[in-house]
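Observations on chain architecture
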Amino acid sequence: MDLGIAGRRALVTASSKGLGLGCARALAEAGCDLVMNARGAEALEAAAAAIRADFGVTVETVACDVTTPDGQRAVLEKARGIAILVTNAGGPPPGMWSDWEREDFIKALDANMLTPIALMKAALPGMMEAGWGRVVNITSMSVKAPIAVLGLSNAARTGLTGYVAGTARQVAPHGVTINNLLPGIHDTDRATALDEAVVKARGISMEEARAERAATVPARRYGTAAEFGQACAFLCSQHAGFIVGQNILLDGGAINATL
Ligand code: NAP
């Protein structure tokens with residue numbers, strides 16, 4: 001399907017690996033020129049070079065921590081005039097409800113709520129003026145059903161979800177859509193890190209930990225970054241202009257709910 005967005009410029013933050021990279025690659029496949037970001041320059045440059053080679057689009061890179069004000073300034077400077085914004089950042093560490101102090105919450109809120117809000121606040125006026133724009137925030141299935149060990153994520157991402165619910169309706173009259181994509185278990189470094197914590201805590205093997213987690217998913221597997229990216233590209237497409245303020249689960253059926 002022609003997504004109708006060839007030649008549009010897109011910023012994808014936290015995109016050298018995992019789900020962000022899946023989104024960057026799918027947008028490049030649809031013909032978008034990219035601004036990509038991650039903290040580690042080496043993996044970022046390698047990912048950008050592969051995208052240029054595979055899809056022939058222009059890719060600019062900004063190696064910085066997007067959760068800091070300086071990082072956001074650097075990314076936004078390079079991303080002037082974008083029509084598409086995909087927000088992403090690393091997820092908070094797992095733990096117990098009793099572990100977290102104010103500073104831990106501030107870090108999680110900065111990364112997973114206030115950073116996407118700052119990026120949207122900067123990018124939305126240009127999109128509204130142009131009469132066309134797409135924003136996709138990578139959040140988590142934890143906003144629909146809490147993941148107990150990820151209390152920091154549950155809290156911060158739910159705050160972002162509330163902000164998007166109102167804002168999406170305010171910018172929609174200008175041809176701009178904002179939606180959230182909610183990943184369930186996907187096969188990325190983040191999933192491996194969470195599985196390693198289970199291996200350590202329970203003294204089981206990595207294979208056992210992965211098999212146990214996959215068994216909780218009706219699709220009986222982890223999702224892939226490539227299929228996640230294709231869903232993101234569709235939400236950014238010309239065809240998705242009537243999808244506004246939605247929270248779309250990509251979880252292989254893991255959340256057992258009718259709606
Ligand atoms: P990942 O495989 O660990 O990749 C994270 C990417 O983000 C890397 O490119 C990393 O590069 C970059 N990054 C991390 N922190 C950054 C920062 N502060 N500034 C700029 N770039 C940053 O993670 P993932 O699995 O794709 O997860 C992406 C998001 O989805 C996370 O918030 C995660 O919590 C959430 N999520 C994932 C799953 C899952 O199963 N994978 C499920 C639910 C929610 P550098 O380290 O070089 O910066």
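Coordinates for the structure precede this section.
Residues numbered from 1 in each chain as written. Predicted model: local features only at pLDDT ≥ 70, side-chain atom pairs only at ≥ 80, totals over all residues. Heavy atoms only, no water.

What follows concerns the packing of aromatic side chains. Here the structure, examined in full by the defined rule, presents one aromatic pair. Above the ring of Trp-132, the side-chain terminus of Arg-8 is found at 3.7 Å from the ring centroid. Above the face of the Tyr-222 ring, Arg-210 is positioned so that its terminal group lies 4.4 Å from the ring centre. (Phe/Tyr/Trp six-rings, centres within 6.5 Å; stacked < 30°, edge-to-face > 60°. Lys NZ or Arg CZ within 6 Å of the ring centre and 35° of its normal.)

Its volume calculated, the second largest pocket comes out at about 220 Å³. Ala-79, Arg-80, Gly-81, Ile-82 and Ala-123 are the residues nearest the centre of the second largest pocket, which is lined by 13 residues in total. With five residues, helix 4 (residues 102-130) is the largest single contributor of residues to the lining of the second largest pocket. Residues that form the lining of the second largest pocket fall into these classes: nine nonpolar, two polar and two charged. (1 Å grid on protein atoms, 1.4 Å probe; cavity = no way out; pocket = protein on both sides within 12 Å on 5 of 7 lines; lining within 4 Å. Points joined across faces, edges and corners; volume = space filled by probe spheres on them. Helix = DSSP H or I, 4+ residues; strand = E, 2+ residues; numbered from the N terminus. Nonpolar A, V, L, I, M, F, W, Y, C, P; charged D, E, K, R; others polar.)

Time to look at helix 1 (residues 18-29). The end-to-end C-alpha distance of helix 1, which contains twelve residues, comes to 17 Å, matching closely the 16 Å that a straight helix rising 1.5 Å per residue would cover. Within helix 1, nine of the twelve residues are buried, leaving the element largely enclosed by the surrounding structure. Along helix 1, the residues that are buried comprise Leu-19, Gly-20, Leu-21, Gly-22, Cys-23, Ala-24, Ala-26, Leu-27 and Ala-28. Residue Gly-31 follows helix 1 closely and has a positive phi angle near 100°. (Expected span 1.5 Å × (residues − 1). Buried < 20%, exposed > 50% of the residue type's maximum accessible area, 1.4 Å probe, protein only.)

In the vicinity of the ligand lie 28 residues, with Ser-16, Leu-19, Arg-39, Ala-89 and Thr-188 positioned nearest. A distance of 2.8 Å separates an oxygen atom of the ligand from a polar atom in the backbone of His-186. Alone, the ligand offers 890 Å² of accessible surface; in the complex the protein occludes 89% of this. Of the residues assigned to the shell around the ligand, the class counts are nine nonpolar, 13 polar and six charged. Taken domain by domain, the makeup of the shell around the ligand includes at least three residues from each of domain 1 (9-184 + 223-250) and domain 2 (185-222). (Near = heavy atom within 4 Å. Polar contact = N/O pair within 3.5 Å; in protein donor to acceptor, adjacent residues only side chain to side chain. Areas by Shrake-Rupley, 256 points an atom, 1.4 Å probe, with all protein chains shown as cover. Domains from an automatic or database assignment.)

Here we take up the pattern of salt bridges. Counted under the stated rule, the structure contains nine salt bridges. The residue Glu-60 makes a salt bridge to Arg-9 at a minimum N-O spacing of 2.9 Å. You can see Glu-60 sitting in strand 3 (residues 59-63) and its partner Arg-9 sitting in strand 1 (residues 9-12), a full 51 residues away along the chain. The class for Glu-60 is partly exposed, based on a relative accessible area of 29%. The residue Arg-73 makes a salt bridge to Asp-70 at a minimum N-O spacing of 2.6 Å. (Salt bridge = Lys/Arg side-chain N within 4 Å of Asp/Glu carboxyl O.)

Let us now look at the sheet that holds strand 6 (residues 176-183). Sheet architecture is open: seven strands sit in the order 3-2-1-4-5-6-7, paired in parallel fashion. Bordering the open sheet on either side are strand 3 and strand 7 (247-250), each of which pairs with just one other strand. Mean inter-strand twist for the sheet, computed between neighbouring axes without regard to direction, equals 15°. Relative to strand 6, strand 5 (residues 133-138) runs parallel, the two sharing six bridges. The residue bridging Gly-133 from the neighbouring strand is Val-176, located in strand 6. (Pairing = 2+ DSSP bridges. Axes fitted to C-alpha atoms, helices over the stretch in contact; angles between N-to-C directions.)

Positive phi values are uncommon outside glycine, yet Ala-14 reaches one of about 50°. Along the chain, the position of Ala-14 falls in the loop between strand 1 and helix 1. Backbone geometry at Arg-220 places phi at a positive 55°, although glycine is not the residue there. Mapped onto the elements, Arg-220 comes out in the loop between helix 7 (206-215) and helix 8 (225-235).

What follows deals with the state of the cysteines. As used in these notes, a disulfide is a covalent bond between sulfur atoms, one from each of two cysteines. In the structure shown here, the tally under the stated rule is zero disulfides. Here Cys-232 is not cross-linked by a disulfide; its sulfur's nearest cysteine counterpart is in Cys-23, at 3.5 Å. With no disulfide partner, Cys-236 has as its closest neighbouring cysteine sulfur the one in Cys-232, 4.2 Å distant. In this structure Cys-236 comes out as buried when scored by relative accessible area, which is 0%. (Disulfide = S-S within 2.5 Å.)

To continue, consider empty space enclosed by the protein. Gaps left between atoms are located by rolling a probe of water-molecule size over the structure's atoms. In total, this model carries one cavity of 30 Å³ or more according to the counting rule given. In this structure, the largest cavity spans a volume of roughly 70 Å³. In terms of lining, the largest cavity is formed by 13 residues, of which the most central are Ala-89, Ala-111, Asn-112, Pro-116 and Ile-138. For the lining of the largest cavity, the secondary-structure elements that each account for two or more residues are helix 4 and helix 5 (151-171). No other element matches the five residues that helix 4 contributes to the lining of the largest cavity.

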